[in-house]
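Topology and contacts: notes
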Amino acid sequence: MFSRYRDGEDHMGEHRDDEKDLVSGHPIASLSLGQQRDFVFKHTDARGKNATRDIKPIKVVLEHGSLLVMKHPTNTYWYHSLPKRKKLLGVRINMTFRQMVVKCAQT
């Protein structure tokens, strides 16, 4: 997957990768190019009003050329986001690599 963030206004909200064709248990790799941005992890048990645990978010700075690898089970227990950073003006390109199930049509 290829994503382009024009500046710090472009962002990605908290989520877990949950595409139906995503192969469970495989790592997810993310290559960042361009503008440095913060990447924030929040544990699923520590989110929202009904949080059951006090686990602080983890912030990772994604620099130009950095490769972030989420090994299993990170994507199961941690939501991740790329928050707005209004003062940032540069372009960021992200390429995400996942193992997907390929379903072939029967002939």
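Look above for the structure.
Now for a look at the structure at hand. Only a predicted model underlies this, so the values are computations on that prediction, with no experimental measurement involved.

**Some points on the sheet that holds strand 8 (residues 92-97)**
Taken in spatial order, the four strands make up an open sheet running 1-8-3-6, and their pairing is antiparallel. Strands at the two margins of the open sheet, each flanked by one partner only, are strand 1 (2-5) and strand 6 (67-70). Here the strands of the sheet are splayed against their neighbours by 20 degrees on average, with no regard to which way each runs. Inspection of the sheet shows strand 1 paired to strand 8 by four bridges, in the antiparallel sense.

**Focus: the sheet that holds strand 5 (residues 58-62)**
Sheet architecture is open: four strands sit in the order 2-7-4-5, paired in antiparallel fashion. Each end of this open sheet is capped by a strand with a single partner; those strands are strand 2 (12-15) and strand 5. Taking each pair of neighbouring strands and ignoring which way they run, the sheet shows an average axis angle of 15 degrees. Bridge count between strand 4 (residues 37-43) and strand 7 (residues 78-82): four bridges; the pairing is antiparallel. By the bridge assignment for strand 7, Val40 is matched with Ser81.

**Regarding the environment of Lys59**
Here Lys59 is to be found in strand 5. A relative accessible area of 53% places Lys59 in the exposed class. Taking C-alpha positions, Lys59 is 18 Å from Leu33, a pair spaced 26 residues apart along the chain. Apart from the residues within four sequence positions on either side, Lys59 is in contact with Asp38, Phe39 and Val40.

Calculation rules
Residues numbered from 1 in each chain as written. Predicted model: local features only at pLDDT ≥ 70, side-chain atom pairs only at ≥ 80, totals over all residues. Heavy atoms only, no water. Pairing = 2+ DSSP bridges. Helix = DSSP H or I, 4+ residues; strand = E, 2+ residues; numbered from the N terminus. Axes fitted to C-alpha atoms, helices over the stretch in contact; angles between N-to-C directions. Buried < 20%, exposed > 50% of the residue type's maximum accessible area, 1.4 Å probe, protein only. Contact = heavy atoms within 4.5 Å.

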